Amino acid sequence: MTLHLYYARRFLMIFLSVLAVLALFQALLDLIEQLRFLDKGASFAQVVQMVGLKLPDGMYQIMPLVVILSTIAMFVSMSRSSELVVTRAVGRSGLSLLVAPLIVALLIGALIVAVMNPIVAATGKRYVDMAESFENGGTSAISIGPEGLWLRQGGPQGQAVIRAARANPEATELYDVSIVAYAPDGGPMQRISAKSASLREGAWHLRDAKAWPLSAGLNPEAGARQHETLELTSTLTRDSIRDRFGKPSSVAIWDLPSFISDLDQAGFSARRHVVWFNMELARPLFLVAMVLVGAAFTMRPARLGRTGLAVLSAVLLGFGLYYVRNFAQIMGESGQLSPILAAWVPPIASILLALGLVLHMEDG
């Protein structure tokens, strides 16, 4: 047990060190990218805040790389110090050496899914809101519930809140639409009701619309006007709606089941969110596979040489497995694979492949 605790502590310390170094590197790169907002009215403090909001998402994406680099660093250093040789000399097999790092990787995976995932979802939303406020002078948002679809858009002309009873899968065609437009100073300016609305060429094209002015001192019904077609300028695009509406990572994992239920009730496809939900649940297993991959190539005596080749092979295999995992996700989202197969088969297959490599390296 003392030996297992030593290996677990060693792996955890190296993991935290690698995570800190990559986080610093990521923050510096993000800072350079976010400095472009200085020309759009943002202060340096706001730029730093945006870097901090974007950092969790960046680190969340590269977590498999952090794990495999930590495993490589741990076993290369222990091989050079002959700790692996001594451990084997007292009767410990190579697989028993991996028990502690595997348990730590599994716990890290469970922790980042349960805790870091909601943080990434919250900070990602806040980052997009700030970026849009500097890009367009306002923010856009989308939410779906039993009462229908809600959109909020912003721009130089002011904010607008849009409600629709139904929409097409991309939310670019709305039906039974109600819109409240606000002036730049924040006061309500106009209310519009339309049978349908379609987004194209930077504007909502409303059909069978009726508009009521909401200026102070006016009778809205007396000033109401009926329009066969009406245009409302919009800063929303098909891509921005897809990112807001169809990006599962913007929803915390604890809220995903209810969000998927709301999507189904509203008539939208929830396949992307179902695939993402299962892939998040399987993430700890993929991190375990990364530990096995890193160990398979570096749990060898340093006197055998070719350490650089072994490290390169481990990293390339890790990238290859990560690519296969992402490819399976795309196949699942497109309906070519079931969500369960797309999410769980790649990490399980990666574990079996890496475990076979470990046994081959150990026993030949």
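This text goes with the structure placed above it.
Nothing here was measured: the structure is a model prediction, and the numbers come from that model.

*Asks:* Would you mind going over the side chain of Q329 in detail, with residue names and values included?
*Replies:* Mapped onto the elements of the fold, Q329 is located in helix α10 (residues 307-333). Not counting residues up to four positions away in its chain, the partners in contact with Q329 are V275, W276 and M279.

*Asks:* A description of the packing of aromatic side chains should follow, citing residues and the corresponding values.
*Replies:* Tallying each qualifying case throughout the model produces three aromatic pairs. Summarising the aromatic geometry, the rings of Y6 and Y7 are spaced 5.9 Å apart at their centres and angled 85° between planes, so their arrangement reads as edge-to-face. Y6 sits in the partly exposed class, given a relative accessible area of 30%. Judged by its relative accessible area of 2%, Y7 is buried. Judged by centre distance (6.3 Å) and plane angle (50°), the rings of F286 and Y322 are tilted. Of the two residues, F286 is situated in helix α9 (residues 271-298) and Y322 in helix α10; the sequence distance between them amounts to 36 residues. Judged by its relative accessible area of 1%, F286 falls in the buried class. In this arrangement the basic side chain of R325 is found over the ring face of F286, its NZ or CZ atom lying 5.1 Å from the centre.

Cut-offs used in this document
The numbers attached to residues start from 1 for each chain and follow its sequence in the written order. Confidence filtering applies because this is a predicted model: local features only for residues at pLDDT of at least 70, side-chain atom pairs given and counted only at 80 or more, and all residues used for totals across whole chains, interfaces and linings. By convention in this description, side-chain values take in all heavy atoms of the structure and omit both hydrogens and water. Helix numbers and strand numbers start at the N terminus; a helix is a DSSP run of H or I with at least 4 residues, a strand a run of E with at least 2. Should any heavy atoms of two residues lie within 4.5 Å, those residues are considered in contact. In this analysis, rings of Phe, Tyr and Trp, with Trp reduced to its six-membered ring, are considered paired at centre separations within 6.5 Å, and the interplanar angle assigns stacked below 30 degrees, edge-to-face beyond 60, and tilted for intermediate values. Burial classes: relative accessible area under 20% of the type maximum marks a residue as buried, over 50% as exposed, and values in between as partly exposed (1.4 Å probe, protein chains only). The rule is short: NZ of Lys or CZ of Arg within 6 Å of the ring centre and within 35 degrees of the ring normal puts a charge over the ring.

Shape descriptors only; they carry no functional weight alone.
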